[in-house]
Amino acid sequence: MAERVQQPPAKRLCCRPGYNATCKQGQRAGGTACGGSAATQSGSSKTQSPESLLDIAARKVAEKWPFQRVEERFERIPEPVQRRIVYWSFPRSEREICMYSSFNTGGEEVAASGGESSDETRLPFRRGVALLESGCVDNVLQVGFHLSGTVREPATSSEPELVCSVSVSFDRCKITAVTCGCGNKDIFYCAHVVALSLYRVRKPEQVKLRLPISETLFQMNRDQLQKFVQYLITVHHTEVLPTAQKLADEILSQNSEINQVHGAPDPTAGASVDDENCWHLDEEQVQEQVKLFLSQGGYHGSGKQLNLLFSKVREMLKMRDSNGARMLTLITEQFMGDPRLALWRQQGTTMTDKYRQLWDELGALWMCIVLNPHCKPEQKGFWLRQLRRWNGVDVCPLEDGNHGSELTNLTNALPQGLAGNPDSLTRPHRTVFTRAIEACDLHWLDSHLQHIITEDLYINYCYHDNHDSSLFDARGWPLWHEHVPTACARVDALRSHGYPKEALRLAIAIVNTLRRQQQKQLDFFRNHKKEVLHKGMTSVTNLEGWVGHPLDPIGTLFSTLMETGRSNEEGVPTFFDFSASRPGSVGPTKRTEHPLFPVQRFLDEGESFVSLAVETALIGLGQQRVMPDGLYAQEKVCRNEEQLLAKLQEVELNDMLVKIFRKQAVFLLEAGPYSGLGELLYRESVPMHTFAKYLFTSLLPHDAELAYKIALRAMRLPVLESTAPSGDLSRPHHIVSVVPNRYPRWFTLSHIESQQCELASTMLTAAKGDAHKLETVLESIQKNIHSSSHIFKLAQDAFKIATLMDSLPDITLLKVSLELGLQVMRMTLSTLNWRRREMVRWLVTCATEVGVYALDSIMQSWYTLFTPTEATSIVATTVMSNSTIVRLHLDCHQQENLANSARTLALQCAMKDPQNCALSALTLCEKDHIAFETAYQIVLDAAATGMSYTQLFTIARYMEHRGYPMRAYKLATLAMAHLNLSYNQDTHPAINDVLWACALSHSLGKNELAAVIPLVVKSVKCATVLSDILRRCTLTNPGMVALHSRRNSGKLMSLDKAPLRQLLDATIGAYINTTHSRLTHISPRHYSEFIEFLSKARETFLMAHDGHIQFTQFIDNLKQIYKGKKKLMMLVRERFG
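This structure is a prediction, so every number in the text was calculated from the model and none was measured. (Residues numbered from 1 in each chain as written. Predicted model: local features only at pLDDT ≥ 70, side-chain atom pairs only at ≥ 80, totals over all residues. Heavy atoms only, no water.)

Trainee: For the overall build of the protein chain, give the residues involved together with the corresponding values.
Mentor: When its secondary structure is counted, the protein chain shows 49 helices and 13 strands. Here the protein chain holds 1137 residues, and the buried ones make up 51% of them. Put simply, of all contacts in the protein chain between residues at least 6 apart along the chain, 73% involve residues at least 24 apart. When the accessible surface of the protein chain is split by element, carbon and sulfur atoms take 53% of a total near 53500 Å². (Helix = DSSP H or I, 4+ residues; strand = E, 2+ residues; numbered from the N terminus. Buried < 20%, exposed > 50% of the residue type's maximum accessible area, 1.4 Å probe, protein only. Contact = heavy atoms within 4.5 Å. Areas by Shrake-Rupley, 256 points an atom, 1.4 Å probe, with all protein chains shown as cover.)

This is the structure:
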């Protein structure tokens, strides 16, 4: 923190003992000879003797009274009393010091101290503790309400030793100002301030204690005062001499301002009556840090840092520290000043999701602050003015995440009074601060509410539960009727401000109210079911759902109950008391007595707080609620639901919980319009797929029939269905549109549909082996799934239902299936999908079942559906197969038309992608001479540029197989031009193609062979391959075995003449080059293999008329060049001489 000493106000002037003699802040000071006995000053902890009345009184005064009030109350304060007040005015707990010197809470710091990581040791609090424990704090002096000392930071490998002068001002057990010579610039106290403060907390008896300096000066006579001033100026003349002279001039001037007031300021004299009593918080640094984090735009962990700041605000609120609201005000000002807000509004773009969540937390924190049960009216009025000012700014973010009115607010289009909700979003443009502004009108003065939160035994067994606003239920337990999110906001506020008992009591009353309301809704629907279904209307549907609500009411209730329940199950005290922390401790000290709240209070037999929490979550998740407008609000609904379900999945089910699951499942199925799984469902209601999947898996082992009822009911996704007439009773489940002509913009529809398919998949898996259930599940899938992202599965299912039934194929369903399949093709055309080939085959099968016109249609528009490879190798090939012709019962004319379409497709694909489609095009065009010639010409045109030797060799072999040897020869020579085999590629896959090409040329005649050998010599450098070709060419005369059974007579070709002489020379040269290449890096384990290689080389050398001489010279050269390889050369001599 940028530490600065706060100057005392001018009115806090000290002039004589007993009246304004001490100053600014009340804190505790260390006991010394000036403070009385050591036993008294240290709280008598060592001797265990009773604490003196003086210490008890002084401690209470030091905590609550500014010292000026003490001085004004008593004409003369004895020096020992002053010393004890000054002593006790310093903070006695390390918790707050820790809170102001690190992001982490005190408890977390304690946990971290056991195994310090590199990050934790860099926290100011941990570093300060380390400095203190290393004896780096010295020269500690307390003068009145001012503490000073020096802290030495040892030298490191990169930094020299640093000695910092530190001073701390305090008042009523709170540090009010700090300064340090290190020049630290941060929100939190630096390690040196922490070290000095903890020294005073842990070692008060070692701190020199003096009264405020004004008291000491009063005890001096004139000579002593003059000597004091002159010595002070002498010691610090360079710093204070100009100031001293200026003050002297003013004092000597009779009319100066300084002579118009009585007394003089004393920075060590404590607080005045009007001074605010709060911990030191550097406002400038808070603003700078938040501004920096915002400017980083989510990078460098800025979002995490801002969340940590919000956590710090909550920590302060829980400690009932007034700086919580002060710090949040500073943060909010910077958020409102973020220049991106205006930019986003101007561009019409949305803020990032993480940034949006920060704004949500900001609004929730203000809600907690204004709902502080002990907030003063003037303070609440001040906050209300602030909130209204921010709320009136144009760029203030809206609660639902939208930028303006471009998205119709559903509530504005609804009939008034449809939902009796006092907070039903009837006003447009609700900002993130609107709820906090509205909460300023709430109070805690209701006597029933006060009884609920303050009494454990608030029960009325004689109360008659006969109307909706009953204060007690039939059991006599208290109820609290209020807009549920608002009531839960009260619970959150109580927890946030450190009132856990009160929060728990109110939470239980709210849950009991929800359960009673649920039962009344069920009874009402059962009694009026026919009337409600016939009219197609609902009496209550909450437009503002509890799950995904900005105030997170269900999450608040769940957390409050689970914390208590788990604490009771683990035998851990439910609530903590920090007031009993010992002076040397950090963090909370847990009470050892039983939990403060009776475990069985307001619980039915066998129930627990955990079961109550689970039931609350089930009630909230099953509530029928309208999908909110806007991307962010809809994503929040999904996210909040998943978070709540994740917490539920951590709870292990027992018999009691299974009983609750059964009860709630029946409520959900039978509660009609009040339940998201009821018979009457709004078209715009939030789907229940994710929740139903959790219920299904939880209930399946215990009640399979009920589990399937829940899951099948939840498969509905009415937003994708056409609106049914409200009086249509032929439909098993009624869909009611709140706004008949409105198609809502569901931005999370893709996620919702994926969850719908997950539910279906879960049911299919569970129904394996049960034919009836499988059929039921498949019918539900057919009826309810409309997902484009999962449409292939739906198409397959529809196709199976249409074609595998006993009756004739349903042509309408087949057409639907085909359309869905075509959409899948378009969606996956440019993306990788491992099932793509299966999808294409399935689509052709489906089109075949629809009819010949469907096949012709997909071939006509193949470029929007398939890749060229798919179109030729799968689509056209399948269409022209005999099985397709037989299946469609085509006549000759239809067959010819279909074949023409297939050949046209093939030629188009060959032009677009000759590398992969040319062979398929040739195959498809075999029966049409013109089309075949066109395809062959496409291959020739593409051979020079776009096709590889592998593709050309493949097509060449096809041509030979189809009886076109000269075309095959032409393509083979084109392929050879693209080939390059180096000396060591004797296992290259193209070798067989080269041998085949040479054999083809040899069979065609001498001219063809003579033409191909130069290409071979140019492309192939591998000696073994060349020698193999050479031997094959010498076995028979060219043209002796022609493809058309013609024989050419004549002698074998001579090796001394072209073209074989060229091939022989190239082969010998390749052997020589390969030999030298091998010898460059040969190892002894390859010697024997090398000798065999030379043996093969000799065979080739000897094919020349002077081959023996050439080989001998070659061997002699090797012996000379590689004579260093003695062992190898010895083996060469043994074999070759």
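Having seen the structure, we can now continue with the description.
Trainee: Give me the nonpolar core: which residues, what numbers.
Mentor: Ranked by size, the top nonpolar core spans 119 residues in total, and within it Phe866, Leu922 and Ile1029 carry the most contacts. Discounting residues that sit within four places of it in the chain, Leu922 has contacts with Phe932, Ala935, Tyr936, Val939, Ile955, Tyr958 and Met959. Counting residues in each nonpolar core, the second largest holds 94 residues, with Cys136, Val201, Leu371 and Val432 among its members. (Core = buried A, V, L, I, M, F, W, Y, C linked by side-chain atoms within 4.5 Å.)

Trainee: Break down the packing of aromatic side chains for me, citing the residues and quoting the values.
Mentor: Taken as a whole, this structure holds 25 aromatic pairs when the rule is applied. Measuring from ring centre to ring centre gives 5.4 Å for Tyr100 and Trp279, while their planes differ by 10°; the resulting arrangement is stacked. Taken together, the positions of Tyr100 in the loop between α5 (94-99) and α6 (106-114) and Trp279 in the loop between β9 (269-270) and α13 (283-295) put the pair 179 residues apart, joining distant regions of the chain. Judged by its relative accessible area of 4%, Trp279 falls in the buried class. Ring pairs connect the aromatic residues Phe310, Phe335, Trp344, Tyr355, Trp359, Trp366, Trp390 and Phe433, which therefore count as one cluster. Lying over the aromatic face of Phe1093, Arg1078 brings its terminal NZ or CZ to 4.3 Å of the ring centre. (Phe/Tyr/Trp six-rings, centres within 6.5 Å; stacked < 30°, edge-to-face > 60°. Lys NZ or Arg CZ within 6 Å of the ring centre and 35° of its normal.)

Trainee: Give a detailed account of the pairing of strand β5 (residues 162-171), specifying residues and quantitative values.
Mentor: Counting buried positions along β5 yields seven of 10 residues, so the element is predominantly enclosed. Bridge analysis of strand β4 (residues 146-153) against β5 gives eight bridges, and the strand direction is antiparallel. Its bridge partner being in β5, Gly149 is matched across the sheet by Val166. Pairing of β5 with strand β6 (residues 174-180) involves six bridges; the strand directions are antiparallel. Among the inter-strand pairings, Val168 is bridged to a residue of β6, identified as Val178. In this structure, the hairpin formed by β5 and β6 is closed by a connection of two residues, where Arg172 is found at a positive phi of approximately 50°. (Pairing = 2+ DSSP bridges.)

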